[in-house]
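Descriptive analysis of the structure
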Amino acid sequence: MNAPVATVALQAKDFKSDYKPVWCPGCGDYSVLTAINKALATLALRPENVAIVSGIGCSSRIPAYTTCYGFHGVHGRALPAATGLKVARPELTVLVASGDGDGYSIGGNHFLHACRRNVDLTYIVMDNHVYGMTKGQPSPTTEPDWSSKLAPGGTGVREFHPLVIALASGANFIARAFSGDPNGCAALIAEAVRHPGFSFIEVLSPCVTFRPEQRAWKEAAHPAPVAPTDDPGRAARRLMTDDGFNIGVLYKGSRPPYSAGASKAGRVEDLEKAFRL
Ligand SMILES: Cc1ncc(C[n+]2csc(CCOP(=O)(O)OP(=O)(O)O)c2C)c(N)n1
Ligand code: SF4
């Protein structure tokens, strides 16, 4: 985070746009929106110094509901758009909003390389283990035995483990949050924004329409019983044996973030000069 901060303290409501969310009543994404707005107010940022980039899905509607700059792009392509934006405009605080379909399926390749590049972004994935917007298809994080009209008897395919993949690919900060605890979620988002480099937060955010049984996540979510580690080996062991409901910061690394100025490819201004007609 390196954007100028507000001289007059703003409140979470100052980050809320006039658009009324069209999410189903009870959708977890309402609380994630509240948490993002709280985190931005806690960080004393101003809406004009923040950009929220997303792909497509119910969760990807977030940018329209804030007063920050927003880019609601193409399905699965939020990370490359956000990476370009952050490299060209490093003074902006850039948040990326996604879903498990958008971010791990069509956007899965970009996820690996965003972790590896370590550009200073905060990636918030609202995971409901289903494609909500397109009416309930299984996603990469859907349990293999989840039976639905579209996948009777389940897919039989093992789940993708986003946190392990993020660690193996080089993410510098890895956390899990729960939308049912918006204050805790806001605190984790603020910590992720403050942490330099690529920060990944998996937010368990129930889809009450296609996965009504996820309302029980309230009982399942619990604070991670261990302090964050900076040791990738220890983090890997913890994440591989994780029950999927440990909430908190699970890995905090110290890899220096990508800097366009330090790259042999040259600074963005030099590249722009070279391409000027
Ligand atoms: C190229 C392309 N393929 C497919 C779609 C259809 N589509 C829109 S949203 C979506 C899945 C969204 O699921 P997820 O990211 O989990 O978000 P949720 O709606 O659950 O929040 C799909 C497949 C699309 N818009 N563009
Ligand atoms: S379909 Fe699911 S994810 Fe989409 S708005 Fe409704 S509850 Fe939320």
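Residues numbered from 1 in each chain as written. Chains lettered and ligands numbered in written order. Predicted model: local features only at pLDDT ≥ 70, side-chain atom pairs only at ≥ 80, totals over all residues. Heavy atoms only, no water.

A word on the site of ligand 1
Lining the immediate surroundings of ligand 1 are 16 residues, of which Cys58, Ser59, Gly101, Asp102 and Gly132 lie closest. Contact distances for ligand 1 include 2.8 Å between an oxygen atom and a backbone N or O atom of Cys58. Separating an oxygen atom of ligand 1 from a side-chain N or O atom of Asn128 is a distance of 3.1 Å. Taking 590 Å² as the accessible area of ligand 1 by itself, protein coverage stands at 74%. No other element matches helix H3 (residues 100-106), which puts 4 residues into the shell around ligand 1. Class assignment of the residues belonging to the shell around ligand 1 gives a composition of 6 nonpolar, 8 polar and 2 charged. (Near = heavy atom within 4 Å. Polar contact = N/O pair within 3.5 Å; in protein donor to acceptor, adjacent residues only side chain to side chain. Areas by Shrake-Rupley, 256 points an atom, 1.4 Å probe, with all protein chains shown as cover. Helix = DSSP H or I, 4+ residues; strand = E, 2+ residues; numbered from the N terminus. Nonpolar A, V, L, I, M, F, W, Y, C, P; charged D, E, K, R; others polar.)

Describing the site of ligand 2
If you check the shell around ligand 2, you find Trp23, Cys24, Cys27, Cys58, Asn128, Gly132, Cys207, Val208, Thr209 and Phe210 and nothing else. Taken together, the residues that form the shell around ligand 2 break down as 7 nonpolar, 3 polar and no charged.

Points about helix H4 (residues 108-117)
Considered for burial, the residues of H4 that qualify are Gly108, Phe111, Ala114 and Cys115. For H4, the angular spread of buried residues about the axis comes to 120°, placing them on one side. On its buried face, H4 sits against helix H2 (78-88), H3, strand E4 (122-127), helix H5 (162-169) and strand E6 (199-204). Phi turns positive, to about 60°, at Asn118, one or two residues after H4. (Buried < 20%, exposed > 50% of the residue type's maximum accessible area, 1.4 Å probe, protein only. Arc of directions from axis to C-beta. Contact = heavy atoms within 4.5 Å.)

So, the packing of aromatic side chains
Summed over the entire model, instances satisfying the criterion amount to 9 aromatic pairs. A ring pair is formed by Tyr123 and Phe200, whose centres lie 6.0 Å apart and whose planes are at 35°; its orientation type is tilted. Linking Tyr123 in strand E4 with Phe200 in strand E6, this pair joins segments that are 77 residues apart in sequence. Taken as a pair, Tyr123 and Phe200 share a single burial class, namely buried. Measuring from ring centre to ring centre gives 6.1 Å for Trp217 and Phe245, while their planes differ by 65°; the resulting arrangement is edge-to-face. Separated by 28 residues along the polypeptide, Trp217 in helix H7 (residues 217-220) and Phe245 in the loop between helix H8 (232-240) and strand E8 (246-252) bring together distant segments of the chain. Look at Trp217 and you get buried, because its relative accessible area is 7%. Counting every residue linked through ring pairs, the aromatic cluster contains Tyr104, Phe111, Tyr123, Phe160, Phe198 and Phe200. (Phe/Tyr/Trp six-rings, centres within 6.5 Å; stacked < 30°, edge-to-face > 60°.)

Remarks on the packing of H5 against H8
Put simply, H5 and H8 touch, their axes get as near as 9 Å, and they point 165° apart. In terms of orientation, H5 lies roughly antiparallel with respect to H8. Relative to H8, H5 is oriented so that their crossing is left-handed. Contact residues: H5 offers Leu163, Val164 and Leu167, while H8 offers Pro232, Ala235, Ala236, Leu239 and Met240. (Axes fitted to C-alpha atoms, helices over the stretch in contact; angles between N-to-C directions. Parallel < 35°, antiparallel > 145°, perpendicular 65-115°, else oblique. Left-handed = near helix turned anticlockwise from the far one by under 90°.)

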